[in-house]
2 protein chains.
Amino acid sequence: MALEKEPYKGVRDFYPKDMAIQNYIFEIMRDTAEAYGYEEYSASILEPSELYKAKSGDELINQQTYTFTDRGGRDVTLRPEMTPTVARMIAKKRKEFSFPLRWFSIPNFFRYERPQKGRLREFWQLNVDIFGVEKIDADIEIINIAYDIMRNFGVTEDKFEIRINDRSLVDAKLKEMGLDEDQSTKMKSLIDKKDKMDNFDQMTEALAGKPFSFELDPSDKINTAIKSLNERGISNVVFAPNLMRGFDYYTGIVFEIFDKSGDNNRALFGGGRYDNLLEIFDEEKVPAVGFGMGDVTMRDVLETYNLIPEFTSSTDISICVVDDESIVGAQKLASTLRDQGLNIIVDSSLKKIGDQIKKASKNKIRYVICVGSDEISKDIYKLKDLSSGEEKEVAENQIADSILG
Amino acid sequence: MALEKEPYKGVRDFYPKDMAIQNYIFEIMRDTAEAYGYEEYSASILEPSELYKAKSGDELINQQTYTFTDRGGRDVTLRPEMTPTVARMIAKKRKEFSFPLRWFSIPNFFRYERPQKGRLREFWQLNVDIFGVEKIDADIEIINIAYDIMRNFGVTEDKFEIRINDRSLVDAKLKEMGLDEDQSTKMKSLIDKKDKMDNFDQMTEALAGKPFSFELDPSDKINTAIKSLNERGISNVVFAPNLMRGFDYYTGIVFEIFDKSGDNNRALFGGGRYDNLLEIFDEEKVPAVGFGMGDVTMRDVLETYNLIPEFTSSTDISICVVDDESIVGAQKLASTLRDQGLNIIVDSSLKKIGDQIKKASKNKIRYVICVGSDEISKDIYKLKDLSSGEEKEVAENQIADSILG
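Just so we're clear, the structure is a prediction, and the values are computed from it rather than from any experiment.

J.: So what exactly am I meant to see when it comes to the relation of the copies chain A and chain B here?
T.: The second copy of the chain is related to the first by a rotation about an axis and a shift along the axis. Superposing chain A onto chain B takes a rotation of 180° combined with a translation of 0.0 Å along the rotation axis, leaving an RMSD of 0.0 Å. Here the two chains are linked by the operation of a two-fold rotation axis. Measuring from the rotation axis to each C-alpha of chain A, the shortest distance belongs to A:Phe68, at 3.3 Å. Comparing interface residues between copies, 100% of those in chain A also sit at the interface in chain B, which points to an isologous, same-surface contact.

J.: Sorry, what's going on with the pattern of salt bridges here?
T.: Side chains carrying opposite charge are able to pair once their charged atoms draw close together. For the structure shown, the criterion picks out 49 salt bridges over all chains. The salt bridge involving B:Arg102 is made with B:Glu141; its shortest N-O contact spans 2.8 Å. Taken as a pair, B:Arg102 in strand E6 (residues 101-105) and B:Glu141 in helix H4 (residues 136-152) lie far apart in primary sequence, 39 residues in all. By the burial criterion, B:Arg102 is buried, and B:Glu141 matches it. One network of salt bridges, with partners in common, ties together A:Lys5, B:Arg94 and B:Glu283.

J.: Would you mind going over the packing of H4(B) against helix H8 (residues 220-231) of chain B with me for this structure?
T.: Describing two packed helices takes the angle between their axes plus the distance from one axis to the other. All names here are of chain B. Where H4 meets H8, the closest approach of the two axes is 10 Å, and the angle between their N-to-C directions is 45°. Between H4 and H8, the angle falls in the class oblique. As for how H4 packs across H8, the hand of that crossing is right-handed. Seen from H4, the contacting residues are Ile136, Ile140, Ile143 and Asn144; seen from H8, they are Lys221, Thr224, Ala225, Ser228 and Leu229. In terms of residue class, the contact of H4 with H8 is built from five nonpolar, three polar and one charged.

J.: Looking at this structure, how should I read the sheet that holds strand E5 (residues 75-78) of chain A?
T.: Strand pairing in a sheet relies on backbone hydrogen bonds. The paired strands run either parallel or antiparallel. Residue and element names in this part refer to chain A. Strands sit in the order E3-E5-E4 across an open sheet of three strands; the sheet is antiparallel. Each edge of the sheet is formed by a strand with only one pairing partner; in this case those strands are strand E3 (46-48) and strand E4 (66-69). Neighbour to neighbour, the strand axes of the sheet diverge by 35° on average, direction disregarded. Of the pairings in the sheet, the one linking E4 to E5 comprises four bridges and is antiparallel in character. Its bridge partner being in E5, Phe68 is matched across the sheet by Val76.

J.: How should I be thinking about H8(B) in this particular structure?
T.: Turn by turn, an α-helix covers 3.6 residues, leaving residues three or four places apart pointing in a common direction. All names here are of chain B. In this model H8 runs 16 Å from its N-terminal to its C-terminal C-alpha over twelve residues, within 8% of the 16 Å that 1.5 Å per residue would give. Inspection of H8 places Ile222, Ala225, Ile226, Ser228 and Leu229 among the buried residues, and these make up the whole buried set. Down the axis of H8, the buried set is contained in an arc of 165°. They therefore lie on one face. Among the exposed residues of H8, those pointing more than 90 degrees away from its buried face are Asp220 and Lys227.

J.: What is the right way to read the environment of A:Tyr24 from this model?
T.: Residues and elements named next belong to chain A. Within the secondary structure, Tyr24 is located in helix H1 (residues 16-35). Sequence separation between Tyr24 and Ile308 is 284 residues, and the spatial gap between their C-alpha atoms is 8.6 Å. If we ignore the near neighbours within four places in the chain, the residues touching Tyr24 are Asn152, Phe153, Leu302, Leu307 and Pro309.

Calculation notes
Residues numbered from 1 in each chain as written. Chains lettered and ligands numbered in written order. Predicted model: local features only at pLDDT ≥ 70, side-chain atom pairs only at ≥ 80, totals over all residues. Heavy atoms only, no water. Least-squares fit on C-alpha atoms with pLDDT ≥ 70 in both. Contact = heavy atoms within 4.5 Å. Salt bridge = Lys/Arg side-chain N within 4 Å of Asp/Glu carboxyl O. Helix = DSSP H or I, 4+ residues; strand = E, 2+ residues; numbered from the N terminus. Buried < 20%, exposed > 50% of the residue type's maximum accessible area, 1.4 Å probe, protein only. Axes fitted to C-alpha atoms, helices over the stretch in contact; angles between N-to-C directions. Parallel < 35°, antiparallel > 145°, perpendicular 65-115°, else oblique. Left-handed = near helix turned anticlockwise from the far one by under 90°. Nonpolar A, V, L, I, M, F, W, Y, C, P; charged D, E, K, R; others polar. Pairing = 2+ DSSP bridges. Expected span 1.5 Å × (residues − 1). Arc of directions from axis to C-beta.

Take a look at the structure:
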């Protein structure tokens, strides 16, 4: 029986055209995070399983991780999220650091789920976090970065909305109602789903003895954040009192980027403040704010709005070689041009020139130069732009300038 | 008991300073491969275990893979190398492709080994391959790329050597000696280790009935390759008749980059021709030449030769804010500069200016600007270069030019 050619279920192969899109998405993420002074970090996908046990009540860990025992008897897990890893890294070196730290990473994660649109077993996620700032400035900066990434992808302000809430508002309200921690967690989960529920009042009454009625006004923090974001020219921020964000660890401002298009009409990604980082390491807490933005979701959004750039090869010129005698000369030309920063293929197939040009065109390479002994001896080359059809005669030392401008 | 802060045994955390080095190494690899028109591809680290069973005689697969069963009962493996994956990808789409394909990737691999210098359980490896070319041109191009990467890392020609052999030479010789396939494989393994053995003649005689004596002259292919590389200005290529390269699948030219420094004095990486790709998929064979270059080894080499660039922050300017009233103005300045392509931190800690500057300096940020109401109202800012100590007065619209040149 022949071997299966498909990848493992729920993961992707990245052929060059897919990889170009992936690299484009990562580049926008990276450039935007760096524009705010964030520095890249990373870690292995493989972590000791123990790292996730502090959160063992969590569905993610019990049912969705890839966990196994290595050949030496150690329990290991393919990381399903980045927060435990980054907490571990900061806990280890906290004494060497001077806070705040502005960090980002674009790691991959594994979750054992039924693959479906927008949800795969392996995905990548930009994680942007600022550690060590209690003031609201940090929350505002993080939301601003999330907004800038959307804009840098070409998504206009009318297409999305930034929804913002303050978990401490809700926590205070639930405490006032007399709920214990477990009830409180369940209540937040119900509030989070309110818009999709028919029986919200019934369910919350069953849980708390009386229905959870909304009388939440925006907190000072929310007002400050919205005002400050408005001052920065961001006008699509709204207070969303029933926004919870799933994770238990949020402690203050939470936000999500909501896609307003008919196609999606859902939260794309989000984040918030989690001031209990390092608690699992029995270390002094470090205040933190951050968000995570997945590649699968973002690619869907870019497709919806037709924002994925057309594929063009990273190769600048394909040099078509006319005959066997010209190969050495063609290679020398290629070498000179590479030293000038150009990316060059030498097509030494000796196929018909027309076929060599067709192949370059099919591969979305912009320029071709045909090289025979005549061109080499005279130092006059025809540089053809396949995107416009224009052709011009240039000497070797004019080629780079013609292309790079 | 507090949680462990170390990563899993044999894998690495990449703090920003480590990540900067890793990104530097990847950038040289990527830029060099792209200079030759190679396109990036990738795939998931998780593969169906079945993909590796065709090679089940291999120590790598039997003793060194991370293999486990997923929650749905599928056997999966963390890939230990890229060739089976790339073969799978090409087998799947071979009808859509027009060969040759020039492909590269920088994937990570897992191998369950005892961690030691230069060898970890997780490592990254540049894989550069050209598919679909039978002619020696492909072998020469691949060797040239390997050479260029070394040079682009700053390693001079006197520090390393390119050793080259032709497996088909040895295979013909072994056939002549009457060895079967199994004996032949064992013999190649002995030849590969000849330099480290005391009893080579005894061992080979025990295997083949008579000792394996070297009377190999360079093949035409080797002579052509060496001549062509010399013409390209590469003078450190030598014929190495006992070079085998471990993998069974090589069928022609093999080569390795050998570090001549006293510290290392060993093969850094290598590759060769393997024309039986796709055989495991019962598909028509595709000729292939390529090499793999690991990040751990390369980092060791760069350290040996003091070639790792000094860390500098990707952040261009840290804006120190004088007082609370100036934060909005500082943020506006930052936003303007970010739009001009600069990476900017706004330090809104309101700590003493001296401390803010010290922190920027500690973080290897090159420039600082201190912003108070005076600077904002007059549009005159002092741009201080922390690397030279120079300071100059500039208007907002002169800052980007001053820095980007």
